[in-house]
Structure formats: C-alpha cells, structure tokens
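Chain by chain, the residues run as shown.
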Amino acid sequence: MNKPKMATEKGVPSNSRVLMLLGQLERMNGEAMMRDVETARQVTAKICHLIQTQEKSGKEVMSKGSSGMEVILASLENTRDVQTTLNILYILSELLTVGRGRRVGVFVSKGGTGILFQILITASKELPPSEELMLQLHSLLAKVGPKDRKFGVKARLSGALNATVNLTKQNLQNTKVLLPCLQVLRVYSTNSVNAISLGKNGVVELMFKIVVPFSKKNISLLKVALDALGALLKSKTNARRAVDAGHVHALLALYQDWHHNDTRHRHMLIRKGLLVCLRNITNIKLGRKAFIDADGMRILYYSSTECLPVRTLDPLVNTSSLIMRKCFPKNRLPLPTIKSAFLYQLPHVPVVGPVAQLYSQPLGVDDVVDESDDNEETDADTENDTDNEEDKKDPHTENEDIETDLNKLHPKKNPGRPFEELKVYERFFLELSEDFQGYNFEPSKSASTTSSSFSSTRATRPIIVPTAQALSPKHVPVTSFQGDCNPSKGERRPPSPSVPTPAPPASLTPLELDTIHLTKDQDRKEEAHIPSPDTLTTLSSLIRPPSQAQTIEQALAHVLECVSLEATGALNTGEDGGQGVKPNGSPVNGTRHIQSPLLLEDIANRRVGGGGSNWGSDCGSEGTEDEGGEGAVLEVPDTALLLPLHDPDLYVEMVKGTHSVPQYAEVAYPDYFGHIAPTFREPLQERVYGVQRSKIFQDIERLIHPNDIVDKVVYDLDIPSCPVIEDNGESLKFNSQFESGNLRKAVQMRKYEYDLVLNSDINSNHYHQWFYFEVSGMRVGTTYRFNIINSEKSNSQFNYGMQVLMYSVQEAISGRPRWVRTGTDICYYKNHFARSSIAAGGQKGKSYYTMTFSTSFSHKDDVCYFAYHYPYTYSTLKMHLSKLEALRTPQIYLRRDVLCETLGGNSCPLLTLTAMPESNSNDHICQFRNRPLIFLSARVHPGETNASWVMKGTLEFLMGTSLLAASLREAYIFKIVPMLNPDGVVNGNHRCSLSGEDLNRQWQNPNPELHPTIYHTKSLLQYLAHIQRAPLVFCDYHGHSRKKNVFMYGCSVKETVWQSNITATSSDLQEDLGYRALPKILSQIAPAFSMVSCSFVVERSKESTARVVVWREIGVQRSYTMESTLCGCDQGKYKGLQIGTRELEEMGAQFCVALLRLKRLTGIRNHQHLLDLESDIIGTQSKVVSSSPSTYVMEEDEPSFLEAIDYSAESNDEDGEPEIEQGIEVQENANHLDRLSDCETNHKD
C-alpha cells in the first residue's frame, strides 16, 4: 500500500500534538511498524488518549484537507499486533461516535469497511479469538454498516458472515459480545441474499433461542435480536422455514406474554418487534394460514382492543391491524359477474382493447373469483396500501410519461379529412353565412313575434348529418327547442306492461312516468315554456345599448368578484325575484299541487319514492287499490322563484323522451323537485382520529363474532324481476332504477349496517365510483353505516374532508328541496374483497376498497337519496335548455341543433350562441360573421356531474341580461356541446359510454359508430380549421376526484421541455405565451380557481384527449381542460369549504367574464400582459420542486395523491409510526403543495 503523506489543513497549527503523533505513525508504516511494535503501541495509545480527552484533536484528524484517516487506516491494515490494532480501533470508535454521518462517510470512502472485514477474518482464525478484539470490531461494524450501501455485499464476499455467525453461536451466554454481534447480523440481514444465506446457516433458529418470554433483563439485546429476526423473515425462504418449525405459534405466545406482563408499557419496542416478525411471516400464504390456525386473529384483535385507550400504543395497534387485514380471508364480491348488470350489445366490437377482451371472454368463466389466492404468494400489495408503485420512486426522477418528441410537441394543423367530407358540417355554422335579409330589426316589433319568426326560420331548415347508420325520418334532428318537449309518435317509449298487474300497496307506490299527469292545460304549458311579451320587453330593456361601452370597460377593470350566482343565477325573475327568499335566507315554504295517481296525502305514512318496485313487475305484496284513487295530490315545493330553470312537469316530459338501456320508468324525486343550493356553509369535515382503524376493527369483528352477522340481501339488480327483496320491515329499502342511478346490490350485514355494491359501466367490468340511490324505511335517530365495498381507486377525497350528498323528500316538501353534505366517520380503505385478475387488467392479488360513512335520519318514513356528487341528468339538461330558450330576447342569437344521435338513441345537443347583428347592413353582418369562436364542451365523463353544473353557470350567464353578458355575446360566437356522453349519464356510468370506452381517449381516431359524439364534435373543429376559423379558445369541462380547487390543464412546448431532459434549441421553444392568459385571469377573478394547480405539460398518455388533439391537430393554442373539484377548496375565499352547486355555477359564470377580459387583453396593442406571463413562468420554473411521476389508476391517469394523511399507518405502515391525522405533517405538506410549480405534471383529463 502506498504510504500517504501527512497533510495539514490550512489554519491548523503545524505543531499540533495529535498531528505530530500521526506524522510519526505515518513514518512507521510498513515494516517499521512490525519491527518496532512497542513504539507503535505507545504512539497509537497517545493518539487515542488525546482524542478521548480533547475534542479539538478529533476535529483536527477529521478536518477537511487532513490525511489523518488515511494514516490511521493504513496503520490498521499493516499492523499485526493485537494491542496496536485495539488502540487504532479505539481511536476509530471515538472518531466515528461524534458527528457520525459525515465521519462515517469519510471512513467508508477510504475503504475502511473492507479493512475491518479483513481483520475480522484474520482474527477469527486464531483459537481462541481475542474477545476484546472481536467486541471492538463488531461495535465498529455496527456503526459503519447502516451508512455503507455495499456493506452486505462486502461482508458476503469477504467471508465475514460466517465469522460473525460462529462468534454469535459461541457467545450465546456472553451478552457483552453477543450484543454487537447481533447488531452486525441485523445489518447483514437487510441484504436479501445475505438473509437467505444466514437462514441456511441456522441463524433464524438461533434468533428464536435468544428471544425469550417477558423478562426485565437484557432488554437491549432482545430488541436487537427481534430486529435482526424481523429482517431475516422478510425473505420468503426464511419465512417458510419459520412456519415449518412452528414459530408462528411461538411468536404469538411470546407476544401475549409480553402484552400481559408489560403493564406499564415500558417495553413497547419489544412488542413491536414481535409484531414485525409476524407481519413479515404473513407476507406469504403459508404464513397467513399458520397465523389463522394459531388463532392469531382473535389474539391480536383482543390485545389491540386493550391497547386502544393508550395513544402511545398506536404503533402496536396499527401493525396488528395490518396483520389482521392481510390475514383476513379473501372474499369474493357477492356478484354473479363483475360485468354490468345491464346488457347492451354493440353494433360491432373493437378488435383490441378491454371491450374486445370482455366480448371474447368464454361463457361460464367466473370473472369474480381471484385465483391468485390459490397459486400465488403475492406480497406486492401488503407493503404499500396505496397500490401506487410510483409513490416509492425518487421524487426527483424524470416523469417518463412526459412527451419528449419535439415533432409531436409542435402543433401542426392537420384536419385529417378532405374538405369534401367536412362540407356537410357547414349546416352547423349558419351564422357564418346568414344574411338576415328576412329578419325585421325594428325595435317596435313585438318581442314575442320577433322571436317566434326567427325561430320559425330556423325550423324550416333541419340539420341532417350522415352517421354510420342513416337516420330514420322519426329521428330527423330539428333546431327547435320545443322538439324535445313533445316527442314524436315514432320515438321509443318505455314499453307498457303487457299484462295488467295488481296495484302495489300505497306504501310502495313508485313515482312512475306514465302515471304522472300534468295538471296544466296546453295553454298553461305554453305559458310555462314561452315568455310573455311583457317579460321579453323587460329583458330586452336590460340589454346593453351601444352607448354604454365605456361602462363595460370600467366594469372589466375591477376584479369581478361581484359576478356571483346571487346576481346571475336568478336570471330573469324580475325585480321581485328576491321575494322568493325569506328574510332569514330560507326558501319559501310553499307548495303547488299536481294531479297524480300517486297517493301522497301524507308522506308520513306513504311511500313517495320509486319504492324499489320494478315497473311492470309483480314484485311485492299485493294490496287493494288505494282509496285516494286518481284524486290523490302530490305536494311539490314551489321553487319557481328560486329555480327559474326548473319545472317538474317539463322534467317528466323530458324523461319520457330519454332512452336508457334498463328502460327506466321511474323518476327520482331530487331530479323532479329540483335543488336549491343551501344558504349555509358546508365546511370540509374534520377527520376523526383513528376512524379508519375503528372501521377496520368492525370489519374484523365479522370474522371474530360471526353470530352477529345478518348477511341478508335486500336489493339486487341481478334479479331483474324483483330487485327489492321484501321483509318484515326490519331492513332499509333501496332503489336505483331511475336515470343516472347506480346501486347494484345491498346486503344487510348487521342490524344497522349495509354493504353496497356499485354497478360497472355498461360493457365494462370496472369503473365503480359514481353512486346515486334511494333509501327508505329508516328509523329516526338511528345511526346507519353504509359501506360501498367495490371501489377501485387507491385513495379518495373521502379521506380528506369530503362528504356524501343526501336529499330528503320530507325536507323538500317542507320547502327545503336541496342536496346537503352528510355523513360521519367517513373513510376510504383497502378491504378483504379480492379483485379478480380479469377486473384488474391481468394483475393478480389486488383488492377492492371500501368507502364507508354513517348517518342518521331526521324524519320518520322519509325517502332519502344518496349521491357521490350533485346529480345532473340528461333529462335535466334538456329541461334547462328548453327553459333557457324562453329567456331568448331579440338581441340574442340562439340556435340548438342536434349534432348526432348516440348509440342509445339519445340526441346530442349543439348550441350556437352570440348576439344578433345590429342590422342587416353589410358592416353589421360582416362584424357578426367575423367574431372569434369559443368552443366549449362538458360531461364526457358521466360521473363528473360538477362539469354540468359549471356548464349550467356558463349557459345562464351567456343568456343573462347583464351588460357583461351582452358584451360577451357581441364579442364571440359560442359553439357549445353541453353533454358529450348522454348515454353514460342516463345509464349511471361513471367513466364510459355504452361502447365501454372512455370517450376522452378516442379523440385521435374516433369511430363514427361507437363514438358518434366525439367523431362529430371533432369534425366540427376540423371543418373550422379548414375554413381558417379555428376557435380562439377550446375548453372541455371536467371534474377531478383527487384534488381540490378548480384548475386548468393546457399545452405548452416550452413547459413540457422544461420538465424533461430533452435538448432543444431556442427556436424549438418559441411559442406565444397567450395560453397562460386565460387561467391567469381566472386566478385573479374566480375565488375557487388555483393557478398553482394548473399544468401545461403534454404527456404521452394524454395524446388522445380532447385538449391535446385540439391543440395538436386543430392548432388551437388555448386548448384547455378545466377541472373542478368534487371535494372543496384549500385556498382563497372558499378555503376549508366543500364545493356546492352555487360555487360551481359561479365558476361557469366567472369563466365567461374571464373570456371578456381576455378579449380586452388580446385587443390591446402593447403586449405588457405577455411580459407578465413570461415573468410568471420564469418565477414558476424557479420554484419547481420535482416532476412527480404520473399514476395510472384504472387508466384514469389521476395523480398520486399529494395531501398528507397517515393512510398507510392504519393499514400497513412499514415503520408503524403513530397515526398522524390532520396534524403537523398535514400542515407541512399543505405548505409544500403551495410551493409546487405551476408546471406540476400530475394531471388527468
């Protein structure tokens, strides 16, 4: 070995005593040290004394620039004298004890670990080995091992493993030597190869000899032995070895012994070590079986229950909970098949993909059972309860999903289809060629006549678009709103019962479509749908005159927080519109009467909901015809003043023209009555400490106390003739057979606890998230627990303050028709129901998740509805559009076309909305035709109902009478597809259309037959691109289930390149920064909007989404997805509150205001706002913390959840730290989130 020259650091006195001694030691290295042993001993002893007594001496040796460590290690390697070796080991021990981190790193980098192993091997060959030398060697190795990443490999290659094992076996009674040996074995065992090797050498058995029942002696020794044993048992081979030797029973006995004797809880680490050993053994199937056979479930359940009152014992409870959940026998979902309960045969099946696999599945295959339990020893899920392997990655690693192909990052206008094919879509853009020669612009003309004449001119020009299937005459699209109000005779209706059936008893009378008769005569109905001339005159008088342009500019100069639903939501209730609210803010408690055969004389003793009785079936007990007969009266809250766009009668008519796969014949009361947003705030629910753990323990009790389980099916859609199972009144009644409903099965598990199973999307075997169902037969004041047991996402906002929504019919009839947030003890966690590999995309060993909540009911014999989010049905949309047409004034150009017909036979509406030209002069017509286009769409995902509420706010603002609305109509032409997936919405799907596919992944190559709404919407945009009229803004409204606030995703070459490692020239990064203007404006004026959450990164997995395709192929720079939270806000005015329909509609209105401000900004000659955006991006880039990898959950591309909560601690935390819920870590992580980049790449379209 080359002799290192002793160097001194600048500033250290050259006459330093320790450095002089090190210099002397350096000169002795080599043969001189072996010749002059006594001198070497004296020098090393003096150095050791100096370092022990003078702190500065150690600093001088370890200071930067000093070669002291090299000299010491060289001396250690060269000496053959035991005493000199010991002296040097004492020196190293002192040096590495202080400031261990950096000093140990220096020691490892200089090759110290290898030298220690060499001395260990040499010393072990001497008989007997020096006890003191072995003690010091292992003490040093125990300090160094955790800091040396290659420690295990070095130990194995040098042969040190056997040396340590032999020493351990020889000193089982010598605790002084045994302790450091066990500490080193603990480090050895962290290497999986070493663990297997040590297991073969009998170390597992050796550890069980050391681990003893409760004793107050040798606690430290026992703790280290358990740590080493736990590390060894991570190896499946060692775990099997332990099971075969019967050690599972021994570990449980030891745990019981320590649990009962450690009454003062001073030895929690020993108990935790025993549990960790059990946890690692139960990672294999054989271990789980041995645990069950040894009555482990009962032992841990009762011991954990006794630990619950003591908060400091939470690590024991959490680890016990994990073991019990892991060993809980996997159950199959109580379903005959995971495919949807509703069957819809596709006209043709895709060649590849999940739908193709679904159709190619052989008959008779059990797609519910999880075969992995029989032949797989899966422990992938057991270590990470979030199921997101990406969560384990280094947060600083590159996001592999980011698009790195610069050719794909530069938008290229590519209409894709020849103009000859696209010319047919010219009929949807009449406004671009309309000359208005037949239109009378005289203001003296009566408003109603003017409006009617314009409507009639539109009706004479029906729009017919060729689809894959030629439309029959009965399905010819019309532009009149009234067309959907009165379906033609040829349209399909739910079939009438072929055989008369006995009338259900009064208590079970459902609200059925064909039994609801409207009391209004035709004249009154027309009054409801067509505004009177007086109304129109009032509306038109509020339209902005041209002379008020200056007023508009002043209004736009402010941050427009005044645009709220209080101002815009009521629309045209007139000056007296505010009288619909009492002074205290509660809705009017008035009722109007509708003739109906449905007998609701008194809701206290009458069944007012769908009742769960299948329309047209003979399900249920027979009963005599109710005495009320057809003279019964249904009380309906008078919400006309507060809900000007809702009409129960009109809604029923809309439902009759809606086509569903199950042919629904009932109407849900919330959709019938309407919803008035509560006037009170609904804060995010504070999570109760330990709530998830308590729910898990209740689930485990099902196995411990099976006699308490009822296990009775009370609702089952897989029995189509009789989904509601009658009983003696001891169970709740459920129903979901209405538009947008989703509940497949309800099983009563305990007297007041129900397991609920959701229905898959049609032509799919997963996507369980959206729910909407009815409950009745409840007892007042009783707390019921509901468990939705087949959720698939790995986490949910239900863990972070979100509550379910409930609608009470009693409350509605009392004058408070509204959805309210409800539920206590809400949490979301992995359960024991196995997901089959068929459902999990080929992955084995997966589990479903439970969303559980508890609630009580305030009214006897009430009928209540529960929903994932505020429902907004397709029929509601049709009703709203019909009511919106009634708000049209002569100054508003509004046209409704039928874009196409869906697979299910429902029409997809397309709205065109702008301001009428001031006259038919050439100048005015030219200005009219050349307005920029804004293209909006929503509800491509049926479960994201919040998108429809935002769209409702947008539409109401655009049809409003405010000066801003009038100015906006004059600035732009709006093309709006308010619901891209009507079939999914109607049938209660969460993600897909009837094709079983996510329509927002079909934009690259949509099929005209399977994806007609996407195909024709894209064709509209392609047509606009061909005629050089691509929209200024494209925005697709969505909802987000895992993030708070409202935010946008856009597309930027520059920001995508910044988030990746690709090299790009300055020319590659040139782009107009205007894409940031709209979200920046929204962040200034919309209280729910968060710029921090926005992202403008293009990812490969999103290349088939609307946002990316419209940006890349149509060339729309401002192409966005606007995501609205399903939960609530954590910033701004609504911080700490759950979001409601008022806030969602306000967001839709604010989006309009932002477009008006965008018009003003883009019209300004100087580009100061672009400079502001540039500085904003640069500031954002400097704040980038990391580019977290995307997480793919059921192909939904949702981000890994970023909010901190001890979600794993209650289930399977590796370290078993105490549960932290809503605590310091949550706050720290929230602060971290606030610092995240605007370019955060985790997103979902």
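Residue numbering note: each chain is counted from 1, following its sequence as written. Whole-chain, interface and lining totals are the exception, using all residues; otherwise, since this is a predicted model, local features are given only for residues with pLDDT of at least 70 and side-chain atom pairs are given and counted only at 80 or more. Derived side-chain values reflect all non-hydrogen atoms in the structure, with water molecules and hydrogen atoms excluded from consideration.

Asker: Residue-level account of the sheet that holds strand E6 (residues 753-757), with values.
Answerer: By definition, two strands form a pair when at least two bridges between them are found by DSSP. By the criteria applied, helices consist of DSSP H or I runs no shorter than four residues and strands consist of E runs no shorter than two, each listed in order from the N terminus. Read from one edge of the open sheet, six strands run E3-E5-E6-E8-E12-E11, paired in mixed fashion. One side of each edge strand has no neighbouring strand; the edge strands of this open sheet are strand E3 (712-716) and strand E11 (824-835). Along the sheet, successive strands turn relative to each other by an average axial angle of 25 degrees, direction set aside. Two residues qualify as a contact provided that any one of their heavy atoms is within 4.5 Å of a heavy atom in the partner residue. Every axis in this analysis is a line fitted to C-alpha atoms, fitted for helices over the stretch in contact. Angles between the N-to-C directions lie between 0 and 180 degrees. Packing against the sheet, helix H34 (residues 691-704) makes contact with strand E5 (745-750), E6, strand E8 (784-791), E11 and strand E12 (846-855), and its axis sits at approximately 45 degrees to E11.

Asker: So, empty space enclosed by the protein: which residues are in play, and what are the values?
Answerer: Only protein atoms enter the 1 Å grid used here. Points where a 1.4 Å probe fits but cannot escape make up a cavity, open sets with protein on both sides within 12 Å along at least five of seven lines make up a pocket, and a residue lines them when an atom lies within 4 Å of a point. Grid points are joined across faces, edges and corners, and a volume is the space filled by probe spheres set on the points. Applying the stated rule across the entire model yields twelve cavities of 30 Å³ or more. Lining the largest cavity are 15 residues; nearest its centre among them are Gln 769, Ser 791, Phe 798, Tyr 828 and Tyr 868. Any residue outside Ala, Val, Leu, Ile, Met, Phe, Trp, Tyr, Cys, Pro, Asp, Glu, Lys and Arg is labelled polar, Gly included; the first ten of those are nonpolar and the last four are charged. Here the lining of the largest cavity is composed, by residue class, of seven nonpolar, seven polar and one charged.

Asker: Tell me about unusual backbone geometry, and please be specific about residues and values.
Answerer: Here the bond from Leu 127 into Pro 128 is cis, since omega is -10 degrees, no more than 30 degrees from zero. Within the fold, Pro 128 resides in the loop between helix H8 (112-124) and helix H9 (131-144). The backbone phi angle of Gln 663 is positive, close to 55 degrees, even though this residue is not glycine. Along the polypeptide, Gln 663 turns up in the loop between helix H32 (648-656) and helix H33 (669-673).

Asker: An account of the packing of helix H6 (residues 82-97) against H9 is needed here, citing residue identities and associated values.
Answerer: Interaxial distance between H6 and H9 falls to 10 Å at its minimum, and their mutual angle equals 25 degrees. What the angle tells us is that H6 and H9 run roughly parallel. Note on packing geometry: the crossing formed by H6 with H9 is left-handed. Along its contact with H6, which presents Thr 85, Leu 86, Leu 89, Tyr 90, Leu 92, Ser 93, Leu 96 and Thr 97, the element H9 presents Glu 132, Leu 133, Gln 136, Leu 137, Leu 140, Lys 143 and Val 144. Here the contact of H6 with H9 is built from residues that sort into nine nonpolar, four polar and two charged. Here the angle decides the label: under 35 degrees means roughly parallel, over 145 means roughly antiparallel, 65 to 115 means roughly perpendicular, and every other value means oblique. Less than a right angle of anticlockwise turn of the near helix away from the far helix marks a crossing as left-handed, whereas a clockwise turn marks it as right-handed.

Asker: Could you give an account of the pairing of E5, naming the residues involved and the relevant values?
Answerer: Of all six residues in E5, six are buried; the element is thus mostly enclosed. Direction of pairing for E5 relative to E6: antiparallel, over a ladder of five bridges. Looking across to E6, one finds that Gln 748 is bridged to Tyr 754. Relative accessibility thresholds used throughout: buried, under 20% of the residue-type maximum; exposed, over 50%; partly exposed, between the two (1.4 Å probe, protein chains only).

Asker: Could you give an account of the packing of helix H3 (residues 37-53) against helix H4 (residues 55-62), naming the residues involved and the relevant values?
Answerer: For any two helices packed against each other, one specifies the inter-axial angle together with the distance between the axes. Packing of H3 against H4 brings their axes to within 5 Å, and their N-to-C directions diverge by 115 degrees. Judged by the inter-axis angle, H3 sits roughly perpendicular to H4. Here Leu 50, Ile 51 and Thr 53 of H3 come into contact with H4, specifically with Glu 55, Ser 57, Gly 58 and Val 61. The residue inventory of the contact of H3 with H4, partitioned by class, reads three nonpolar, three polar and one charged.

Asker: Kindly report on the pattern of salt bridges, identifying the contributing residues and their values.
Answerer: By convention in these notes, a salt bridge is any Lys or Arg side-chain nitrogen within 4 Å of a carboxyl oxygen on Asp or Glu. Inspection of every chain in the model, using the stated rule, returns 36 salt bridges. Here Glu 70 ties to Lys 110 by a salt bridge, and the two come within 3.0 Å at their closest N and O atoms. Taken together, the residues Glu 70 in helix H5 (residues 68-78) and Lys 110 in the loop between helix H7 (100-109) and H8 connect sequence positions 40 residues apart. For Lys 110, a relative accessible area of 39% translates into the label partly exposed. Across the salt bridge formed by Arg 311 and Asp 314, the nearest N and O atoms sit 3.9 Å from each other. On the basis of relative accessibility, which here comes to 52%, the residue Arg 311 falls in the exposed class. Residue classification places Asp 314 among the buried positions, given a relative accessible area of 1%.

Asker: Pulling in residues and values, what's your account of the confidence of the model for the chain?
Answerer: Values of pLDDT, the confidence the predictor places in each residue, fall between 0 and 100. Averaged over all residues, the pLDDT of the chain equals 78, while 72% of them reach at least 70. Segment residues 373-397: pLDDT under 50, and 62 contacts once partners within four positions in sequence are set aside and those in other chains are kept. Scored below 50 in pLDDT, residues 444-510 shows 118 contacts in the model against residues more than four places distant or in partner chains.

Asker: Can you break down helix H19 (residues 285-293) residue by residue, with the values?
Answerer: Among the residues making up H19, those that are buried are Gly 287, Arg 288, Ala 290 and Phe 291. Buried residues along H19 cover an arc of 165 degrees about the axis, so they all sit on one side. In this structure, H19 carries Lys 289 and Asp 293 as exposed residues pointing more than 90 degrees from its buried face. Summarising the contacts, the buried residues of H19 are in contact with helix H16 (236-244), helix H17 (247-261), helix H18 (268-281), helix H20 (296-307) and helix H21 (314-327). This arc is built from the directions going out from the helix axis to the C-beta atoms.

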